[in-house]
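Chain residues, written in single-letter form:
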Amino acid sequence: MSLSLYKEKRSFSKTPEPAGDKTKKRSGQLLFVIQKHAASHLHYDFRLEMHDVLKSWAVPKGPPYALDEKRLAMPTEDHPLGYLDFEGTIPKGQYGGGTVMVWDIGTYELLEGNYYKGYLHFHLHGSKLKGEWKLMRKRVEGERETWFFGKAGKGMRALSKKRDDSSA
Ligand code: MN
């Protein structure tokens, strides 16, 4: 777990994103955030606190709501814990240029699996998302690693368009 790739991709004199040198006061509870990111392609960045960084996936279609529904989740570089409450505008021309909104934030409990196994089953306690989801890695020889974000436990009613467009 390292932030070197995160730092390499950004110039902190140009982006308002956190440089990642601060460490969060430990609360004992693990946190997650989903940021709605209107970059060149709109997507949702799903981040789970793990070993002092935020493991991150870009989910083009956002979280699934129906039981067993799966959405593509492309792994992205680890982000600093300071990114949890980041909202703002990354200037055009910078990496990830566009607006970032905290779409949901809260705590999570790991129920099963671990990152290295490529399987995580967890319970989210967010302001929008409440319930179980999972992340599953699919390995294909010679290709970039792909993950899927799936609904577990039971289904959840999809959010209204208005709620989907508002900050947590
Ligand atoms: Mn993003």
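Because the structure is predicted, anything quoted here is derived from the model rather than measured.

## Examining the coordination of the manganese ion
Those protein atoms acting as donors to the manganese ion are His37 (ND1), His43 (NE2) and Asp45 (OD), and they sit at 2.1 to 2.3 Å. Along the chain, the residues donating to the manganese ion fall in the pattern H-x5-H-x1-D. Asp45 shares its class with His43; the two are buried.

## Brief notes about the pairing of strand 2 (residues 42–50)
Burial analysis of strand 2 places eight of its nine residues in the buried class, which makes it a mostly covered element. Bridge count between strand 1 (residues 30–38) and strand 2: seven bridges; the pairing is antiparallel. Within strand 2, the position partnered with Ile34 by the bridge is Phe46. As defined by bridge partners, strand 2 adjoins strand 3 (residues 53–59) across seven bridges and the pair is classed as antiparallel. Each residue of the ladder has a partner; that of Leu48, found in strand 3, is Lys55. Hairpin connection, strand 2 to strand 3: the antiparallel pair is bridged by two residues, and His51 has positive phi, about 45 degrees.

## Focus: the environment of Phe149
Inspection of the secondary structure puts Phe149 in strand 9 (residues 146–151). Each C-alpha atom, one on Phe149 and one on Ala73, is 5.9 Å from the other, the two residues being 76 residues apart in sequence. Apart from residues no more than four positions distant in its own chain, Phe149 is found in contact with Phe46, Val59, Pro63, Pro64, Glu69, Lys70, Arg71, Ala73, Phe122, Trp133, Lys134 and Leu135.

## Structural notes on the nonpolar core
Core analysis: the biggest nonpolar cluster contains 23 residues, and Phe46, Leu48, Trp57, Leu120, Phe122 and Leu135 have the highest contact counts within it. For this core, the elements supplying multiple residues, two or more each, are strand 1, strand 2, strand 3, strand 6 (98–114), strand 7 (119–126), strand 8 (130–138) and strand 9. Sort the elements by how many residues they give to this core and strand 2 lands first, with four residues. Among residues more than four places away in sequence, those in contact with Trp57 are Tyr44, Asp45, Phe46, Leu48, Ala73, Met74, Pro75, Thr76, Tyr115, Leu120, Leu135 and Trp147. Tyr6, Leu54, Leu84 and Val102 belong to the second-largest nonpolar core, a separate cluster that totals twelve residues.

Calculation criteria
Just so you know, the residues in each chain are numbered from 1, in the order the chain's sequence is written. It should be noted that, the model being predicted, local features are given only for residues of pLDDT at least 70 and side-chain atom pairs only at 80 or more, the latter also being counted only at that level, while totals for whole chains, interfaces and linings use all residues. Computation of side-chain values: all heavy atoms of the structure, hydrogens and water removed. For Na, K and Ca the donor cut-off is 3.2 Å; for every other metal, N, O and S atoms count as donors within 2.8 Å. Water does not enter the count, which can leave sites looking incomplete. To sort residues, take the accessible area from a 1.4 Å probe on protein chains only and compare it with the maximum for the residue type: under 20% means buried, over 50% means exposed, and anything in between is partly exposed. Runs of E in the DSSP output that reach at least two residues are strands. Runs of H or I that reach at least four are helices, and both are numbered from the N terminus. DSSP-based pairing: two strands are paired if at least 2 bridges between them are found. By definition, residues are in contact when any of their heavy atoms lie within 4.5 Å. Residues belong to a common nonpolar core when they are buried Ala, Val, Leu, Ile, Met, Phe, Trp, Tyr or Cys residues joined through side-chain atoms within 4.5 Å.

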